[in-house]
Amino acid sequence: MAASLSQALYLATFTSSASKPSASPISPPSIKVPTFSPLTVQPLSSAFTPNVAHVITLTPHATSTPSSIPSDTSTTTFHGLCYAVGDNIDTDQIIPAEYLTLVPSNPAEYEKLGSYALIGLPSSYATRFIEPNETKTKYSILIGGANFGCGSSREHAPVALGAAGVKAVVAESYARIFFRNSVATGEVYPVESEVRICEECKTGDVVTIELGESRLINHTTGKEYKLKPIGDAGPVIEAGGIFAYARKTGMIPSQ
Amino acid sequence: MASSLVSPSPTSSFISNKKDLGFSAFPSTSQVAIRKCKKQVSKQIVSVMAPQQSERKPATTGSVKTGMTMTEKILARASEKPQLSPGDNVWVNVDILMTHDVCGPGSIGIFKKEFGENAKVWDREKIVIIPDHYIFTSDERANRNVDILRDFCKEENIKYFYDIKDLSNFKANPDYKGVCHVALAQEGHCRPGEVLLGTDSHTCTAGAFGQFATGIGNTDAGFVLGTGKLLLKVPPTLRFVMDGEMPHYLLAKDLILQIIGEISVAGATYKSMEFVGTTVESLNMEERMTLCNMVVEAGGKNGVVPADSTTFKYLEDKTSVPYEPVYSDAQASFLSEYRFDISKLEPLVAKPHSPDNRALARECKDVKIDRVYIGSCTGGKTEDFLAAAKVFLASGKKVKVPTFLVPATQKVWLDIYTLPVPGAGGKTCSQIFEEAGCDTPASPSCGACLGGPKDTYARMNEPKVCVSTTNRNFPGRMGHKEGQIYLASPYTAAASALTGYVTDPREFLL
């Protein structure tokens with residue numbers, strides 16, 4: 001609980017003090033912002049629509065497929081094959097520096113970035129994350145150990161994963177900047193597991209993540225695992241990132 | 001109580017076991033929290049912990065109600081709040097936003113998408129844009145990315161853009177600096193008490209100046225470009241007290257490798273790391289930068305060194321912007337405090353493939369190496385090259401493996417060619433390096449620290465073993481996935497170059 005609170009980062013500010021991120025994420029998030037710090041900067045307004053649940057609509061962002069976009073986090077599920085990695089997977093392994101010339105905000109280069117996701121994993125990973133000559137991965141769920149995404153602050157890392165077709169990462173813990181970049185871009189759900197599952201789930205296992213239930217089911221082994229609630233990061237990622245979320249909720253004017 | 005707080009691992013002899021450490025400001029409630037935290041760290045790397053809110057004792061003085069740490073104070077001022085506690089989320093006014101050629105184009109893309117093609121940045125004088133990563137390469141996309149920066153700076157009339165156009169000769173580009181974190185300091189953009197954000201994880205380097213500095217992603221940077229603000233969570237602070245005279249064979253790199261080895265690569269995740277003590281006070285600015293540079297390798301959000309006369313002197317001829325340093329209150333509450341007796345520390349390395357894989361340099365004396373790399377924001381500053389030259393000078397021998405030298409900035413390059421090395425009879429670093437058989441100092445940039453495009457100078461294109469003064473040794477960091485990187489101080493790197501094995505610099509620095 002505490003961890004999800006601290007991970008909610010700047011999201012906590014968007015909630016009322018009465019509903020901390022530790023509150024049940026299952027019910028539609030009822031967001032009231034009595035004390036949103038007014039930004040005096042011109043492009044932003046401090047207006048804020050009180051009930052997010054009604055505001056969020058389906059807007060798939062670059063990485064989303066319609067089947068994985070329900071209208072609120074309580075029913076969001078991801079189903080697919082998982083790819084398992086270990087501890088301290090740094091962003092150089094997620095997207096090596098030689099590919100950082102690709103600019104994520106450029107759509108064509110976004111796709112290209114995806115094709116190199118996790119190409120930096122050492123050859124000890126016998127099964128590659130993306131098959132040769134493919135641009136997408138067949139593993140929509142990535143399972144990691146502790147300190148996932150450590151190292152460089154490159155936003156290319158969550159972007160590459162999202163562009164490759166990853167919907168969610170489930171790790172024991174995250175490095176700060178990777179977590180924040182995942183939420184800010186809305187590219188992948190960085191979910192924390194209650195227990196260490198990266199050694200119990202094998203690459204190729206069929207898994208389901210039920211975000212609302214904070215549960216991961218491994219259909220191959222028949223085991224179930226408790227996840228830490230995604231909290232208020234959920235609606236932001238679902239909206240497609242921090243800017244999309246701010247527009248949907250009326251925090252900043254729609255374009 | 002105190003001893004349990006300050007000696008998280010009794011295996012290390014550098015940590016004192018003094019009982020009397022004066023933790024009067026430590027509320028008893030936080031002890032549990034620290035124990036819990038320690039347990040998690042030792043059992044397993046746990047990167048995310050909510051800052052434990054502890055009760056704070058009211059201060060005895062009238063003016064200060066509750067003690068705050070330096071980091072809390074800087075963020076309080078920047079968010080225009082009288083008081084902050086760890087865990088508070090606040091909108092912070094940014095003093096400087098830095099970006100470079102790797103993340104700048106993406107940040108600019110987001111800024112334009114979200115604020116409009118013709119939007120104006122929040123303050124053209126508070127944005128510093130420094131091409132430094134992929135400069136001396138024929139990679140077309142890398143070259144294009146510098147063009148994108150140039151066009152944007154022209155459009156927005158950005159005041160501080162350190163451009164490079166003639167890639168064949170960096171000296172023909174008077175504006176070009178090189179590695180952003182070193183250039184920020186040399187150009188006077190790092191000032192005590194301020195908030196500096198940058199699209200690079202090593203932005204934390206600037207904490208050496210007693211400011212809050214941390215790395216952010218493109219999306220956050222796009223937001224800052226438009227608004228000058230960012231929502232930040234106030235981190236709890238870990239305090240590292242380093243006392244004792246620094247032995248002549250140690251450098252700040254050894255200190256930070258010691259600390260990362262102690263707390264692990266996730267030991268400071270979401271936290272601030274404050275460095276104090278007589279040893280820290282004795283360090284020059286570049287050494288303090290090395291210390292703060294690698295806090296991100298422990299997962300830290302920022303690192304800080306209190307500003308003092310060394311800081312003020314360094315800034316004297318670099319900035320005319322008024323600044324106001326802040327310091328931790330005596331009553332400030334720290335999540336945890338670590339004490340080190342530096343006089344007992346020995347030269348260290350971080351073995352492959354993690355910066356916390358600490359070992360004594362002398363324990364690795366049988367590790368045969370293929371090359372040595374001296375460069376980067378961590379180990380490519382003037383003081384780093386002076387240190388390496390000192391070892392070569394003391395030995396009078398030639399290097400046994402290829403030794404690559406990549407000055408961080410144009411200023412560092414100039415220093416290598418002009419500054420006399422103390423005790424060398426007027427010789428410069430460049431002369432000493434040449435006599436020792438090192439490669440000619442390369443054009444200043446991030447170079448092979450992070451691999452980069454295939455044609456990057458000194459990139460590890462084959463699975464070699466390298467001793468490097470850089471900051472990361474994860475698989476593939478310097479190019480080849482099976483390459484092995486031993487992180488070390490410039491002393492240890494130079495000593496290793498002379499023997500062809502990982503070598504304790506005491507073999508040469510008598």
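Just above sits the structure.
Let me sum up the structure you'll find in this document. (Residues numbered from 1 in each chain as written. Chains lettered and ligands numbered in written order. Predicted model: local features only at pLDDT ≥ 70, side-chain atom pairs only at ≥ 80, totals over all residues. Heavy atoms only, no water.)

A look at the sheet that holds strand 5 (residues 206–210) of chain A
All names here are of chain A. Strand order in the open sheet formed by seven strands is 4-3-2-1-5-6-7, and the pairing between neighbours is mixed. With one partner strand each, in any of the chains shown, strand 4 (189–192) and strand 7 (223–226) form the two edges of the open sheet. Neighbour to neighbour, the strand axes of the sheet diverge by 30° on average, direction disregarded. The pairing of strand 1 (residues 77–84) with strand 2 (residues 139–143) spans four bridges and is classified as parallel. Bridge pairing in strand 2 places Leu 81 opposite Tyr 139. (Pairing = 2+ DSSP bridges. Helix = DSSP H or I, 4+ residues; strand = E, 2+ residues; numbered from the N terminus. Axes fitted to C-alpha atoms, helices over the stretch in contact; angles between N-to-C directions.)

Observations regarding the sheet that holds strand 5 (residues 195–198) of chain B
Residues and elements named next belong to chain B. What the five strands build is an open sheet, ordered 4-3-2-5-6; its pairing is parallel. The open sheet terminates on both sides in strands that have one partner only, identified here as strand 4 (160–161) and strand 6 (212–215). Inspection of the sheet shows strand 5 paired to strand 6 by four bridges, in the parallel sense. Within the sheet, the bridge partner assigned to Gly 198 lies in strand 6 and is Gly 215.

Description of the pattern of salt bridges
Scanning the model with the defined rule gives 40 salt bridges over all chains in all. A salt bridge links B:Arg459 to A:Glu98; the shortest N-O distance between them is 3.0 Å. Residue B:Arg459 is found in the loop between helix 15 (429–436) and strand 16 (465–468), and its partner A:Glu98 is found in the loop between helix 3 (91–94) and helix 4 (107–115); the two belong to separate chains. Overall, the relative accessible area of 7% leaves B:Arg459 in the buried class. Its relative accessible area of 18% is what places A:Glu98 among the buried residues. Among the ionic pairs, A:Lys223 bridges to A:Glu200, the shortest N-O distance being 3.3 Å. You can see A:Lys223 sitting in strand 7 and its partner A:Glu200 sitting in the loop between strand 4 and strand 5, a full 23 residues away along the chain. Among the ionic contacts, a cluster of salt bridges with common partners joins A:Asp87, A:Glu172, A:Arg196 and A:Glu199. (Salt bridge = Lys/Arg side-chain N within 4 Å of Asp/Glu carboxyl O. Buried < 20%, exposed > 50% of the residue type's maximum accessible area, 1.4 Å probe, protein only.)

Focus: the packing of aromatic side chains
A complete count under the given rule lists 24 aromatic pairs over all chains for this structure. The structure contains a cluster of three or more aromatic residues connected by ring pairs, namely A:Phe243, B:Trp91, B:Phe111, B:Phe115, B:Phe152 and B:Phe223. Stacked on the ring of B:Tyr314, the Lys or Arg B:Lys318 has its end atom at 3.9 Å from the ring centre. The side chain of B:Arg506 reaches across the aromatic face of B:Tyr249, ending 4.8 Å from its centre. (Phe/Tyr/Trp six-rings, centres within 6.5 Å; stacked < 30°, edge-to-face > 60°. Lys NZ or Arg CZ within 6 Å of the ring centre and 35° of its normal.)

Section: the nonpolar core
Formed by 217 residues in total, the largest nonpolar core has its most connected members in A:Phe129, A:Phe148, A:Leu161, B:Phe275 and B:Phe392. Residues contacting B:Phe392, with those up to four places away along its chain left out, are B:Lys397, B:Val399, B:Thr403, B:Ile432, B:Phe433, B:Ala436, B:Cys438, B:Ala494, B:Ala497 and B:Leu498. Counting six residues, the second-largest nonpolar core is a separate cluster that includes B:Ile135, B:Val146, B:Phe170 and B:Tyr176. (Core = buried A, V, L, I, M, F, W, Y, C linked by side-chain atoms within 4.5 Å. Contact = heavy atoms within 4.5 Å.)

Observations regarding helix 13 (residues 382–395) of chain B
Counted at 1.5 Å a residue, the expected span for helix 13 of chain B with its 14 residues is 20 Å, and the 20 Å between its end C-alpha atoms agrees. Among all positions of helix 13 of chain B, only B:Thr382, B:Asp384, B:Phe385, B:Leu386, B:Ala387, B:Ala388, B:Ala389, B:Val391, B:Phe392 and B:Ser395 are buried. (Expected span 1.5 Å × (residues − 1).)

Some details on empty space enclosed by the protein
Residue and element names in this part refer to chain B. On inspection of all chains with the given rule, the structure shows eight cavities of 30 Å³ or more. The space that makes up the largest cavity amounts to roughly 210 Å³. Listing elements by their share of the lining of the largest cavity, those giving two or more residues are helix 6 (180–186) and helix 12 (376–379). Class assignment of the residues belonging to the lining of the largest cavity gives a composition of nine nonpolar, 10 polar and four charged. (1 Å grid on protein atoms, 1.4 Å probe; cavity = no way out; pocket = protein on both sides within 12 Å on 5 of 7 lines; lining within 4 Å. Points joined across faces, edges and corners; volume = space filled by probe spheres on them. Nonpolar A, V, L, I, M, F, W, Y, C, P; charged D, E, K, R; others polar.)

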